[in-house]
Amino acid sequence: MPRRSAGWSASLRIAVTTALDSPLPSILLWGTALTQVYNDAYRDILAQRHPLAMGQDTYACWPEVRHFNEPIYGRVLEHGECVLLEDQEYLIAPAGVPELRYFTITYAPVRDEHGKVCGVMVVVMETTSRVQAERDNRRLTGAALAAAERLRLMVDQAPGFVALLSGPQHVFEIANAAFLRLSGRQDLLGKPVGVAIPEAASQGFLTLLDSAYETGQPFFASAMPISLQKSSGSSPSLHYLDFVYQPVRDADGTINGIFVEGNDVTAQIHEHRELARLNDELTDKVRRLEIAERQQSFQLALADRLRTLSPLDDVVTAACEQLGRFLGVARVVFCEVDDDQQTFFVRSEWQRSGLDNVTGVARTLDEFGPDNIAELRAGRVFACADTSTDPRTAEHAQAYARVNIIASLAVPLVRDGKLTIILNLHQIAPYHWSTQDILLALDMAERTWSAVESVRAQAELRAERDHSRYILENMTEGFGILDPHWRVRQMNAEGLRLGQRNSVDVIGKNHWDIWPGALGTEVEAVYRRVFATGISETFEQDVSVSADASTWLEVRVSRSSNGELAIFYHDISSRKLVEKALSDAASHKDEFLAMLAHELRNPLAPICTAAKVLSIGNPDQARIRQISGVIARQAAHMTSLIEDLLDVSRVTRGLVTLDRQALDVGSIVIDAVEQVRALLEARHHQFVVQMPAEASWVCADKERLVQVLSNLLNNAARYTPDGGRITLAVASTDSDIVLSVSDNGIGMLPALIPRVFDLFSQAERTADRVQGGLGIGLALVRSLVGLHGGSVTAHSDGPDTGSQFVVRLPRLHQVPAVNGVDVAFAAQMPARALRILVVDDNIDAADMLAMLLVTAGHQVVVEHFSQAALARASVTSFDLCLLDIGLPEIDGYALARRLGAMPHLAETVLIAITGYGQPQDRVSAVSAGFRHHFSKPVDSAELLALIARISLPQ
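Read on for an overview of the structure. (Residues numbered from 1 in each chain as written. Predicted model: local features only at pLDDT ≥ 70, side-chain atom pairs only at ≥ 80, totals over all residues. Heavy atoms only, no water.)

**Things to note about the packing of helix H22 (residues 702-718) against helix H23 (residues 777-787)**
The relative placement of two packed helices comes down to the angle between their axes together with the axis-to-axis distance. Selection criterion: Axis definition: a line fitted to C-alpha atoms, limited for helices to the stretch in contact. Angles are taken between N-to-C directions and run from 0 to 180 degrees. Elements are defined by DSSP. Helices are runs of H or I of four residues or more, strands are runs of E of two residues or more, and each kind is numbered from the N terminus. Helix crossings are classified by the rotation of the near helix relative to the far one: an anticlockwise turn of less than a right angle makes the crossing left-handed, while a clockwise turn makes it right-handed. Working rule for contacts: check all heavy atoms of both residues, and any pair within 4.5 Å makes them a contact. Each residue is assigned to one class: nonpolar for Ala, Val, Leu, Ile, Met, Phe, Trp, Tyr, Cys and Pro, charged for Asp, Glu, Lys and Arg, and polar for all the others, Gly among them.
Contact pair H22 / H23: the axes reach a minimum separation of 9 Å and the direction vectors enclose 150 degrees. Crossing angle aside, the handedness with which H22 passes H23 is left-handed. On H23, the residues that touch Arg-704, Gln-707, Val-708, Asn-711, Leu-712 and Asn-715 of H22 are Gly-777, Leu-778, Leu-780, Val-781, Leu-784 and Val-785. Class assignment for the residues of the contact of H22 with H23 results in 7 nonpolar, 4 polar and 1 charged.

Now the structure itself:
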């Protein structure tokens, strides 16, 4: 057959690789010369022909079988057939001796990139020993097929990725499983690289392929990164590849493809990087261990040095020296900062010779510069290698140079947001401050400041201990400590005094041995409860200090954290006396309320009866006058009671203003006697008045002094039996006027005399309570006399010996001239009848007041509601309106304003009739337009007198 030459194409390379890797005897016959390439397994067949047979023409190598093989080669080369010869017999001479051997041979065509048959792949299986057996024949055929399959699998299962790209478009002809896995795609064959793997083109791989294809130069890459998107919608994954682009040429040397072979070294890259990282970490750890070892050495030396020092300055100085020598710096300066005052103080320093000493110097923080101080206050270190070139210090370089500071390190210590310490390190030449320098300086500042605080704390603790001892020994409260075994561990002076013991008899002794009387009492119970539960308790204890005296103690018991019992003793005897006084006062108050109820019921009873009588039948005028007299007298009595109560309230609150004038005491006596004469006569008392021959003058409020004297006389009359003797005596000294009221009545117990002037105090009453009174008269007497600058005292020799009350008032020596006379106004008939409107929601009160006014000759209209009063007033003119304040719908103040706003009532006089009688109530009435103010019950005579004056012609 004619021979045609063929080049070494990519197909040849694949075929060669396949032949060489096969475990079966395989030989590749390539081109028209059928040049031989074979694997190691084929060497046994070649015998002595190897190694000359490699690359030799097959006909030259095997002349003895040419006649047999040539037709077969023609079938394969010309027709592309695959020829299988089973158990073919050959006479060969591998060792020079002809030998008959049997082989099963497979002849397969090998094609180039264009599909043209360019060679023959021959796979040989020797079957000499089994040629006679059919079974052997079948096994040999299976082995040949298995070898072919294995050859395919070996290419597919190669650990590296393999691909064959044909033509200038780099179309995939072959791509093994590793390549498919790497690309994440299964449909590469027949597609150009730019289409099959578009991200490869965008990352420059297509350019590299083009370069290798055009130049014929292989391209080798090591750890080249490529980002591959292995599926639609997935995130790209980064790989690192070692690969070669090997141009493939055909027989005439033309490049017709690229053989790609390589390995995915991503894992190795990551491993190398991790190893490098671990290496760096190890190096850093070693470096940091070396620094830490050096720092620890410094710290141990510093701790040993500071351990034995206690004075504050010695601690700081030693620390500065230790750091300065260790780092080899020129100077170390320890500054304490007062951040509030913006100043610093050089506590101590260490320096080498030749430098100025700045210990004790105080400066402002401004000297560091505002920017630098801001950095320090933020806790950031200020490191300057050269003050002459550093832009932060260059402006002050000469000042630094004058004090031999060329390199400077400032280490701040910030506590609770405030700059506390600045540690300065100086060098006299440019110096780069290392991280270790800064760390050691920071550590020294921290440790030194801790040591400083410790020294200060110890000093403060000693001072606090001494102060606590001083307080414990000098406080007015007793204090003691019992340990868990009931031993007295500590007791201050007050505790010893209250316990009536001395320290020798107490400290270290068992509590129950010292005070055996406390066993079995509440004291022991409380102490044991607090020991057991830890819950603090407080109790009061009455302690006998002598046969006839005792002391009340408040005892507070607490258990401390170490199990000891802390006991505080407080003398509360004074408080107990106050509590007793308060209890007595409460008792007096209760008794007073009972008396008040009784005293108010007494006049109410006849008043109620009189009202009932008036409502029954039709009494005649005599009976009405009799009933009116009863009501008037009882109402006056009730008014007196209420006035006394109001007087006490006003006096005790300081609301009484005295209307002082020069008074003859005789006139006061006359008025006072007149007020009590009825009571004296009713009880048939022998009443004696003793007056001096000359007049006695005082500067006083007549009404109030009459009230004082009448209260004393009333008091004497109530507590002196019928027919007893009462004496009122007036005397004078150079400075005082003395008024004494004496009686031979029931007298007083000694215990009553000290509190007889207290509010609500009275002697014991008999069951029939015939004496009456509220127990406020004497309290009012003392208050009113005190307002006049005088005094009042009481005396009695005991029950049934009578009593004496003595009032002393400052004497008025220069008597003023009296111009004019007193005028007494009484009720009189009006000059003319007035039109009067009475408004009160209390029907009885309104009707009685109207009856009084009609009797006095006036025309009266009564309304009980504000709106009705307004309606009446809108159509009727009135000379006078008497308005209650506590009205429904609209109160009296608002009613007065609306009445005053009516033009036809502009001249109408408004008078308030109310139960509100305080000064503020009178002010409110005037503001509302009232001209006059009367408190209920109204003094009828005073009201009629006022109305009479209003009725006079203007």
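**Details of the environment of Arg-415**
Basically, it comes down to this: Relative accessibility decides the category of a residue: with a 1.4 Å probe and only protein chains considered, values under 20% of the type maximum give buried, values over 50% give exposed, and everything between is partly exposed. Any N or O atom pair separated by 3.5 Å or less is treated as a polar contact, with the protein-specific requirement of one donor-capable and one acceptor-capable atom, and with residues adjacent in sequence counted only for side-chain atom pairs.
Along the chain, the position of Arg-415 falls in strand E15 (residues 407-415). On the basis of relative accessible area, Arg-415 is assigned to the partly exposed category, the value being 31%. Excluding residues that lie within four positions of it along the chain, Arg-415 makes contacts with Thr-420, Glu-446 and Trp-449. Engagement of the side chain of Arg-415 in a polar contact is seen with the side chain of Glu-446, the distance being 2.5 Å.

**Considering the sheet that holds strand E16 (residues 418-427)**
Which entries qualify depends on this criterion: At least two bridges found by DSSP between two strands are what make those strands a pair.
Spatially, E13-E12-E11-E16-E15-E14 is the arrangement adopted by the 6 strands of the open sheet, whose pairing is antiparallel. A single partner strand is all that each edge strand has here, and the edge strands are strand E13 (362-364) and strand E14 (382-384). If you compare each strand with its neighbour and ignore which way they point, the axes differ by 20 degrees on average. Where E15 lies against E16, 9 bridges are found, and the strand directions are antiparallel. Looking at the pairing, Leu-413 lines up with Ile-421 of E16. Against the sheet, helix H12 (residues 370-377) contacts E14, E15 and E16, and its axis sits at roughly 50 degrees relative to E15.

**Some points on the side chain of Glu-863**
Inspection of the secondary structure assignment puts Glu-863 in strand E30 (residues 859-863). Side-chain polar atoms of Glu-863 contact the side chain of Arg-872, separated by 3.2 Å. Once you skip the residues sitting within four places of it in the chain, Glu-863 turns out to touch Leu-837, Val-838, Val-839, Asp-840, Ala-868, Ala-869 and Arg-872.

**Here's the deal with the sheet that holds strand E26 (residues 736-743)**
A sheet is described by the order of its strands in space; here 5 strands give the open sequence E23-E25-E26-E28-E27, paired in mixed fashion. Each of the sheet's edge strands pairs with one partner strand only, and the pair in question is strand E23 (686-690) and strand E27 (791-795). Shown here is a sheet whose adjacent strand axes are inclined to one another by a mean of 10 degrees, direction ignored. As judged from the 8 bridges shared by E26 and strand E28 (residues 803-810), these two strands associate in the antiparallel manner. Residue Asp-743 lies in a different strand from E28, and its bridge partner there is Ser-803. In the packing of helix H21 (residues 665-682) onto the sheet, contacts are made with E23, strand E25 (725-732) and E26, and the angle to E25 comes to roughly 175 degrees.

**A look at the side chain of Ser-348**
Within the secondary structure layout, Ser-348 lies in strand E12 (residues 343-351). The class for Ser-348 is buried, based on a relative accessible area of 4%. For Ser-348, the side chain forms a polar contact with the side chain of Thr-317, separated by 2.4 Å.

**Some words on the nonpolar core**
The criterion, for reference: Nonpolar cores are built from buried Ala, Val, Leu, Ile, Met, Phe, Trp, Tyr and Cys residues. Side-chain atoms within 4.5 Å join them into one set.
Membership of the largest hydrophobic core comes to 38 residues, with the highest contact counts inside it found for Val-698, Leu-709, Leu-713, Leu-739, Val-741 and Val-807. Elements that contribute at least two residues to this core include exactly H21, strand E24 (697-700), H22, E25, E26, H23, E27 and E28. Element by element, the count of residues in this core is highest for H22, at 8 residues. When sequence neighbours within four positions are dropped, the list of residues in contact with Val-698 reads Gln-661, Ala-662, Leu-663, Val-665, Ile-668, Leu-705, Ile-737, Leu-809, Pro-810 and Leu-812. Counting 28 residues, the second largest nonpolar core, distinct from the first, contains Leu-180, Leu-182, Tyr-213 and Phe-243.

**Regarding helix H28 (residues 940-951)**
What counts, and what does not: Take the residue count of a helix, subtract one, and multiply by 1.5 Å to get its expected span.
Look at H28: 16 Å from first C-alpha to last across 12 residues, which is about the 16 Å you get at 1.5 Å a residue. Along H28, the positions that sit buried rather than exposed are Leu-943, Leu-944, Ala-945, Leu-946, Ile-947, Ala-948, Ile-950 and Ser-951. Summarising the contacts, the buried residues of H28 are in contact with helix H24 (843-855), strand E31 (880-884), strand E32 (909-914) and strand E33 (932-935).

**Some remarks on the pattern of salt bridges**
Filter applied, for reference: Salt bridges are defined by distance alone: a side-chain nitrogen of Lys or Arg within 4 Å of a carboxyl oxygen of Asp or Glu.
One pass over the structure, following the stated rule, counts 30 salt bridges. A salt bridge links Arg-556 to Glu-477; its shortest N-O distance comes to 2.6 Å. In this pair, Arg-556 sits in strand E20 (residues 549-559) while Glu-477 sits in the loop between helix H14 (435-474) and strand E17 (478-482), placing the two residues 79 residues apart along the sequence. Taking relative accessible area as the criterion, Arg-556 reaches 29% and is therefore assigned partly exposed.

**A look at the pairing of E32**
Taking burial as the measure, the 6 residues of E32 include 6 buried ones, the bulk of the element. A two-sided burial pattern is seen for E32, the buried positions comprising Val-909, Ile-911 and Ile-913 on one face and Leu-910, Ala-912 and Thr-914 on the other. Of the pairings in the sheet, the one linking E31 to E32 comprises 5 bridges and is parallel in character. For Leu-883, the partnering residue across the bridge sits in E32 and is Ala-912.

**Regarding the pairing of E26**
For a regular strand, side chains alternate in direction, first toward one face of the sheet and then toward the other. Counting buried residues along E26, 6 of its 8 residues qualify, which places the element largely inside the surrounding structure. As paired elements, E25 and E26 share 7 bridges and run antiparallel to each other. By the bridge assignment, Ala-729 is partnered in E26 with Ser-740. Between E25 and E26, which pair antiparallel and follow one another directly, the connecting turn spans 3 residues.

**Thoughts on the packing of aromatic side chains**
Any two aromatic rings considered together are summarised by their centre-to-centre distance and by the angle between their planes. For clarity, the cut-off: Pairing of aromatic rings covers Phe, Tyr and the six-membered ring of Trp, with a centre-to-centre limit of 6.5 Å; geometry is then stacked below 30 degrees between planes, edge-to-face above 60, and tilted otherwise. Here, a charge over a ring is recorded when the distance from Lys NZ or Arg CZ to the ring centre is within 6 Å and its angle to the ring normal is within 35 degrees.
Under the defined criterion, the tally for this structure stands at 15 aromatic pairs. Ring centres of Phe-219 and Phe-243 lie 6.0 Å apart, and the angle between their planes is 45 degrees; this geometry places the pair in the tilted category. Note that Phe-219 is positioned in strand E8 (residues 219-228) and Phe-243 in strand E9 (residues 237-249), a separation of 24 residues in sequence. Phe-219 gets classed as partly exposed once you look at its relative accessible area, which sits at 25%. Pairing Phe-219 with Tyr-245 gives two aromatic rings, centres 6.2 Å apart and planes at 40 degrees, and the pair type is tilted. Placement of the pair is Phe-219 in strand E8 and Tyr-245 in strand E9, with a sequence separation of 26 residues. Given a relative accessible area of 7%, Tyr-245 falls into the buried group. It is Arg-49 that lies over the ring of Trp-62; its NZ or CZ is 4.1 Å from the centre. Positioned above the aromatic ring of Tyr-59 is the side chain of Arg-66, whose terminal nitrogen or guanidinium carbon lies 4.3 Å from the ring centre.

**A few points about the state of the cysteines**
Convention followed: Any pair of cysteine sulfurs within 2.5 Å is marked as a disulfide.
By the definition in use, this model includes 0 disulfides. As a non-bridged cysteine, Cys-335 has Cys-320 as the owner of its nearest cysteine sulfur, 9.0 Å distant.

**Quick notes on the packing of helix H25 (residues 866-875) against helix H26 (residues 892-900)**
Here is the rule: Small angles under 35 degrees read as roughly parallel and large ones over 145 as roughly antiparallel, with 65 to 115 read as roughly perpendicular and the rest as oblique.
In the contact formed by H25 and H26, the axes pass within 11 Å of each other and the chain directions differ by 15 degrees. For the element pair H25 / H26, the angle class is roughly parallel. In terms of crossing hand, the pair formed by H25 and H26 is right-handed. Contacts from Ser-866, Gln-867, Ala-869, Leu-870 and Ala-873 in H25 reach Leu-895, Arg-898 and Leu-899 in H26. Looking at the contact of H25 with H26, its residues break down into 5 nonpolar, 2 polar and 1 charged.

**Let's talk about helix H9 (residues 205-215)**
Note that an α-helix has 3.6 residues per turn; residues three or four places apart therefore point the same way. Selection rule: Each C-beta atom gives one direction from the helix axis, and the arc is the one those directions make.
Those residues of H9 that sit buried are Phe-205, Leu-208, Leu-209, Ala-212 and Tyr-213. Buried residues of H9, seen end-on, are gathered within an arc of 130 degrees and therefore sit on one face of the element. For H9, the exposed residues set more than 90 degrees away from the buried face come down to Thr-207 and Glu-214. As for H9, its buried residues are in contact with strand E6 (161-166), helix H7 (193-196), helix H8 (198-202), E8, E9 and strand E10 (255-264). Positive backbone phi, at 80 degrees, marks Gly-216, one or two positions downstream of H9.

**So, unusual backbone geometry**
In the segment running from His-50 into Pro-51, the intervening peptide bond is cis, with an omega of 15 degrees. Structurally, the position occupied by Pro-51 is in the loop between helix H2 (43-46) and helix H3 (58-61). The phi dihedral of His-170 falls on the positive side, at around 60 degrees, and the residue is not glycine. A positive phi angle, close to 70 degrees, is found at Trp-486, a residue other than glycine. Structurally, the position occupied by Trp-486 is in the loop between E17 and strand E18 (488-491). Among the residues examined, Trp-486 registers a relative accessible area of 13% and is labelled buried.

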